[in-house]
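Listed here are the chains, written in short residue letters.
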Amino acid sequence: MAENAKLTSAEQIVVKFTGDSGDGMQLIGNQLTALAALDGNDVNSLPDYPSEIRAPTGTIAGVSGFQMCLGDHKIYTAGDAPDVLVAFNPAALKHSAKFVKAGGIIITNSDSFTEKAMTKVGYESNPLEDGSLAGYDVKAIPMFTLVREALADMDMPNPAKDRCKNFFVMGVLCWLFNKQQQLVLDFIQEKFGPNAKKPKIQIAEANTKAFKAGLNFGETTIMFQERYDMGAAQIEKGLYRNITGNDAAAIAIAAAGHKAGLQPFIGSYPITPATDLLHLASEFKDAGLVTMQMEDEIAGICSAIGASCAGNLAFTTTSGPGLALKTEAAGMALILEVPLVIVNVQRGGPCTGLPTKTEQSDLLQAMFGRNGDSYMPIIAANSPADCFDATFQAAKIALKYRTPVVVLTDGYIGQGSCPWKVPTMDELEDLTPYVNFWKPEDHPGEEYVSYKRDPETLARDWAIPGTKGCQHRIGTLEKDETGAVSHDPMNHHNMTVIRKAKIDNLAAVLPEAEINGADSGKILVISWGGTYGAVKGAVDRLIADGKSVSGVNLRWVWPFPPNLGEIISKFDKVLVPELNMGQLSLLLRAKFLVDVQSLSKVQGDPFREYEVIDKVNEMLGE
Amino acid sequence: MADTQLTKKYFASNAEVKWCPGCGDYAIMNAVRQGMVAAGKPRDEVAIVSGIGCSSRFPYYMETYGFHTIHGRAAAIASGVKVGNPKLDVWVISGDGDSTAIGGNHFIHAVRRNINLNYVLINNKIYGLTKGQYSPCSEMGQISKTSPYGVIDYPMAPLKVAMGLGATFIARGLDAKMKLSEEICIRGAKHKGFSMMEIYANCVIYNDGAHKQLVDKAEGDNHCIVLRNGEKMIFGNEEQFCLVQDGFAIKAAKVADVAEADILVHDETNAEVGTLLAGMRPDNGLPIALGIIYAIEDKKTYDDMVYEQLAAVKAKRGRSVDDIMREGHTWTV
Ligand code: SF4
């Protein structure tokens, strides 16, 4: 009996789920994330999809995963090696067992270890019996048998019963992590009960029974001698929800439009892993968000530019190869000088690359991927929740400076989730002052001149079609201040200088970079975008160990924050971990003439804290 | 604004027009201005979007809002302008290279959506701005800088393509027939939906005589037919030819050889016949169809449906952004 299982307190636990891609790994992962968050833990999660929607079942290629970290303190990543792996079949076990922390728990469905299933993935003998998992605490649970027993009195076919195994596992985990079962029961009712959007009463009942069977199993079996308890994390007060980066960006688009008093507009085209953003945004018709799914990536950005020209707050959403296709049109927004936000959820490249895997390898594309001298601001979201703020800030800068702005997120933060402190619309910055359309009534006695500029921001005067008496022509050819086509060499020189200066000047008003740790020392670790969490966690631990290490996160990647050069100058060495072959390193070297060391990783997987720690220790000679 | 103020001149900018003397685009610009007069919108509620090419300089010559954009993408940009502000009268001016080669995809889908744009495809069967390369509309055997031994691509018939996409308005004009081009632009401007206007033009520099078969003083009218709704399909410089049914096809005949009742009468709402008319070519023994080939008004436009759907979802779900932000599991710390 495990009723007296020892209750150990844990600061953080990393859990990984793996199973067939049709098996609902993301669902169960999200449920445990929500459960932990509702219980006061901080959580960070990372889904891991195979690129085929339903790759052959029971094969390694078809394994879908979901990793999460819950803790009683601020959690910055989905964690390093899992403490607990739930592997639903032999393929999942074969795929993921090697990632588990030494001595970690592996929960698996022993009923799925048939001869056939094991042979399919190359197990010559049963790994649950042959001692090959000796270094782990393996819990082989006959899930189908137990779930079918629990649902014996229900009139359902066995395959339908077997699908309830996920809630059985939730029951086991709820017991193992000492969470409140009521939260899961409420969730089942919400999702399937009589008041659900699509009520499925029988499924609600079956899942409830399976869940309780899981709880009871934990309590009564001798399999578990230990369970874990975790306190609530110290989190800023407020209303929270769990959110993915893609969803956060979609909501930010609607919010920014409303705060600017403009119709929000997305012109886009489906592409992994940015599609979820478009899915959610397409539901926001009631909030006045227009989405046009166009015929291709080019049309996506072009329709957005058209809508911007007509006075909408326009966005286009994409991922790496899509950004490549949008190149020329992005240059058009730049030379027309109209606001546009390009949200790029980066994935493994080049070309089609690894569509479902994360990478940060579009930085140089965002920076230089256009013909001509064509600088545009780049902001990188540093967490799923930060995708909201980054997208909102991008909209503000786009409006204020009449420029396209790139928001870089990535598959990790786009699809990963974390708790988000939900703002109210009232709390968000009013963007109407940045819209500032040129109207004759505001400028008595003045003629509208399309490329006349605000002396401070260098943003041009902008009159939209429909404005009385302001009809004018703009185009993608070089033009003079009046908008008239000009081939004059000096004019082109001056206009190019102005377009660059406009972006350079932005640096002066950007927030200063904040240092995590001492403002001078041996090593400065610079993160950007999705590497924020791993670097933050690593630097915190290194500082706690008394190492002379500090960290800086770049939110605006171009232009650089105004104080970055000074910060860098106070450290002996600079390390930049990034999920590419050293793209930010290249920019930093070029800009500050500093010998940046690059820690590259392009394995479709975010950095783990230990990888950063190991590198820093190596640089410290320790 | 009083109608009297809306004149062709009212829509003319004071920029110097830089097309070659004799270029077909002049006549077409005149027709488009006439169309704008007919549409009745003040010039600050009109937007013209163009791509790249000789004809795409058009917006600079018009005293309206104008966007000279990038090669091939005008249809997509204009779609954004129209959805962004459906009150605007939005025109696209494009060439055969711009619309059917690099911009083929956008052209196709703009027609398919029936978005309320006035689309003028100026077809001179050549790339002019880049100095004379063949386009998808060039004829087999045509000599150009990139086809010194003759074109071996089969030509595209943009209007026939448009019919396949469920177009609601297709018309074909000819630069030399100025009055007809004006009529087309006026009807096109008034049509609610995607107005597909192909206007044949000459390029005096790189494809002089692009449509010489049609403009020939003696023979030209024997090779084209100007369609008029409700009228018999009779053509020829002496009105000696007509069109009659031939099984599921159309054939040309001499008026003298057929019973009067057998001569087809143009019904601009007949999609099947419209498709046949759009594809007629002299090398198949048929005249080129000019005028309004097909026009229906009862198909909803994309831009209208966008706003109908916004209103319907608002009425049904009615969430504010604050509501949306608070959806799903929330908890208070
Ligand atoms: S090159 Fe041809 S199409 Fe271009 S302006 Fe001259 S005549 Fe017109």
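Only a predicted model underlies this, so the values are computations on that prediction, with no experimental measurement involved.

Reading guide: rules and limits
Residue positions are given per chain, counted from 1 along the sequence in the order it is written. By the order in which they are written, chains take letters starting at A while ligands take numbers starting at 1. For a predicted model such as this one, the threshold for reporting local features is a pLDDT of at least 70, and the threshold for listing and counting side-chain atom pairs is 80 or more; totals across whole chains, interfaces and linings nevertheless cover every residue. Only heavy atoms go into the side-chain values, all of them from the structure, while hydrogens and water stay out. Proximity is defined per residue: any heavy atom of the residue falling within 4 Å of a molecule or strand makes that residue near it. We call Asp, Glu, Lys and Arg charged. Ala, Val, Leu, Ile, Met, Phe, Trp, Tyr, Cys and Pro are nonpolar, and the rest, Gly among them, are polar. A pair is scored as a salt bridge if a Lys or Arg side-chain nitrogen falls within 4 Å of a carboxyl oxygen belonging to Asp or Glu. Under the scheme used here, helices are H or I runs from DSSP no shorter than 4 residues and strands are E runs no shorter than 2 residues, and both carry numbers assigned from the N terminus. When accessible area is computed with a 1.4 Å probe and restricted to protein chains, residues below 20% of their type maximum are described as buried, those above 50% as exposed, and intermediate ones as partly exposed. Just so you know, the domain bounds were taken from an automatic or database domain assignment. Two residues qualify as a contact provided that any one of their heavy atoms is within 4.5 Å of a heavy atom in the partner residue. The quantity reported as buried area is the accessible area (1.4 Å probe) lost by two parts once they are put together, taken as the sum for both. A pair of strands is labelled paired if DSSP reports no fewer than 2 bridges between them. Note on definitions: angles span 0 to 180 degrees between N-to-C directions of axes, and those axes are lines fitted to C-alpha atoms, for helices only across the stretch in contact. The term polar contact refers here to a pair of N or O atoms within 3.5 Å; inside protein, the definition further demands a hydrogen-donor-capable atom paired with an acceptor-capable atom, and it admits residues adjacent in sequence only when both atoms are side-chain atoms. In this text, buried Ala, Val, Leu, Ile, Met, Phe, Trp, Tyr and Cys residues form a nonpolar core when linked through side-chain atoms within 4.5 Å. Working definition: rings of Phe, Tyr and Trp (its six-membered ring) pair if their centres are within 6.5 Å, and the pair is stacked with planes under 30 degrees apart, edge-to-face with planes over 60 apart, and tilted otherwise. Should the NZ of a Lys or the CZ of an Arg lie within 6 Å of a ring centre and within 35 degrees of the ring normal, that charge is described as sitting over the ring.

Caption draft 1: Quick look at the site of the ligand. Around the ligand, the structure places Trp19(B), Cys20(B), Cys23(B), Cys54(B), Asn124(B), Cys203(B), Val204(B), Ile205(B) and Tyr206(B). Its residues placed into classes, the shell around the ligand shows 8 nonpolar, 1 polar and no charged.

Caption draft 2: Spatial organisation of the pattern of salt bridges. Applying the stated criterion to the full structure yields 45 salt bridges over all chains. Lys101(A) is the salt-bridge partner of Asp83(A), the closest N and O atoms lying 2.8 Å from each other. With a gap of 18 residues between them, Asp83(A) in the loop between strand E4 (63-71) and strand E5 (84-87) and Lys101(A) in the loop between helix H2 (90-96) and strand E6 (105-109) connect regions that are remote in the sequence. Classification of Lys101(A) as partly exposed rests on a relative accessible area of 39%. With a shortest N-O distance of 3.1 Å, Glu327(B) and Arg319(B) are connected by a salt bridge. Classification of Glu327(B) as partly exposed rests on a relative accessible area of 29%. You can call Arg319(B) buried: its relative accessible area is 8%. Here the residues in one salt-bridge network are Lys468(A), Lys41(B), Asp44(B) and Glu45(B), joined through shared partners.

Caption draft 3: Structural view of the domain arrangement of chain B. Residues and elements named next belong to chain B. Domain boundaries assigned for chain B yield domain 1 (1-211) and domain 2 (218-295). When each unit is reduced to the centre of its C-alpha atoms, the spacing between domain 1 and domain 2 is 25 Å. Taken together, the contacts link 19 residues of domain 1 with 19 residues of domain 2. Summed over both sides, the interface of domain 1 with domain 2 buries roughly 1500 Å², with 60% coming from carbon and sulfur. On inspection of domain 1 and its partner domain 2, the count reaches 4 salt bridges. Between arginine 281 and glutamate 139 there is a salt bridge, with its nearest N and O atoms 2.5 Å apart.

Caption draft 4: Structural view of the side chain of Asp175(B). With respect to the element layout, Asp175(B) can be found in the loop between strand E5 (169-174) and helix H6 (178-190). Contact partners of Asp175(B), with chain neighbours within four places excluded, come to Gly24(B), Ala27(B), Ile199(B), Tyr200(B), Ala201(B) and Asn202(B).

Caption draft 5: Region of interest: the sheet that holds strand E15 (residues 404-410) of chain A. Residues and elements named next belong to chain A. Spatially, 7 strands are ordered E11-E10-E12-E13-E15-E14-E21 in an open sheet, and the strand pairing comes out mixed. Edge positions in the sheet fall to strand E11 (290-293) and strand E21 (556-558), since each has one partner strand and no second. Recorded for the sheet is a direction-independent mean angle of 25° between the axes of neighbouring strands. Relative to strand E12 (residues 313-318), strand E10 (residues 264-268) runs parallel, the two being bridged by 3 bridges. In the sheet register, isoleucine 266 faces E12, and the bridge partner there is phenylalanine 315.

Caption draft 6: Summary view of the domain arrangement of chain A. All names here are of chain A. By domain assignment, chain A separates into domain 1 (6-227), domain 2 (241-431), domain 3 (436-509) and domain 4 (515-619). Look at where the C-alpha atoms of domain 1 and domain 4 centre, and you get two points 36 Å apart. On the side of domain 4, 12 residues touch domain 1, which itself brings 6 residues to the contact. Considering only the side of domain 1, the residues that lose the most area to domain 4 are Tyr76, Thr77 and Asp80, jointly responsible for 76% of the buried surface there. Applying the counting rule to domain 1 against domain 4 returns 0 salt bridges. There are 3 residue pairs in polar contact (both at pLDDT 80 or more) connecting domain 1 and domain 4. Of the residues in the side of domain 1 that touches domain 4, the class split is 2 nonpolar, 3 polar and 1 charged.

Caption draft 7: Spotlight on the nonpolar core. Within the largest apolar cluster, 167 residues are counted, with the highest numbers of intra-cluster contacts made by Ile305(A), Leu584(A), Ile170(B) and Leu243(B). The next biggest cluster of nonpolar side chains, apart from the first, holds 56 residues, and it includes Leu35(A), Leu70(A), Met156(A) and Phe168(A).

Caption draft 8: Looking closely at the sheet that holds strand E23 (residues 597-600) of chain A. All names here are of chain A. Reading across the sheet, the 5 strands line up as E18-E20-E19-E22-E23 and stay open at both edges, with mixed pairing between neighbours. Bordering the open sheet on either side are strand E18 (515-516) and E23, each of which pairs with just one other strand. Bridging between E18 and strand E20 (residues 549-554) involves 2 bridges; their strand directions are antiparallel. Its bridge partner lying in E20, asparagine 516 is registered against glycine 551. Against the sheet, helix H19 (residues 532-544) engages E18, strand E19 (521-528), E20 and strand E22 (571-578), with an angle of about 160° to E20. Across the sheet, helix H21 (residues 583-592) touches E19, E20, E22 and E23, and the angle it forms with E22 is around 145°.

Caption draft 9: Representation of the packing of aromatic side chains in the model. Within the structure shown, the criterion is met by 18 aromatic pairs over all chains. Judged by centre distance (5.6 Å) and plane angle (85°), the ring pair of Trp19(B) and Tyr26(B) falls under edge-to-face. Classification of Tyr26(B) by relative accessible area gives partly exposed; the value is 32%. Between Phe107(B) and Tyr119(B), the ring centres sit 5.7 Å apart and the planes meet at 40°, which makes this aromatic pair tilted. Here Phe107(B), found in helix H4 (residues 104-113), pairs with Tyr119(B), found in strand E4 (residues 118-123); they are 12 residues apart in sequence, far enough to count as distant. As far as the burial class goes, Phe107(B) and Tyr119(B) line up, both buried. Taken together, the aromatic side chains of Tyr375(A), Trp558(A), Phe560(A) and Phe592(A) make up a single cluster linked through ring pairs. Here the guanidinium or amino end of Arg460(A) rests over the ring plane of Tyr451(A), the centre of that ring lying 4.6 Å away. Seen from the ring of Tyr375(A), Lys500(A) lies directly overhead, with NZ or CZ sitting 5.1 Å from the centre.

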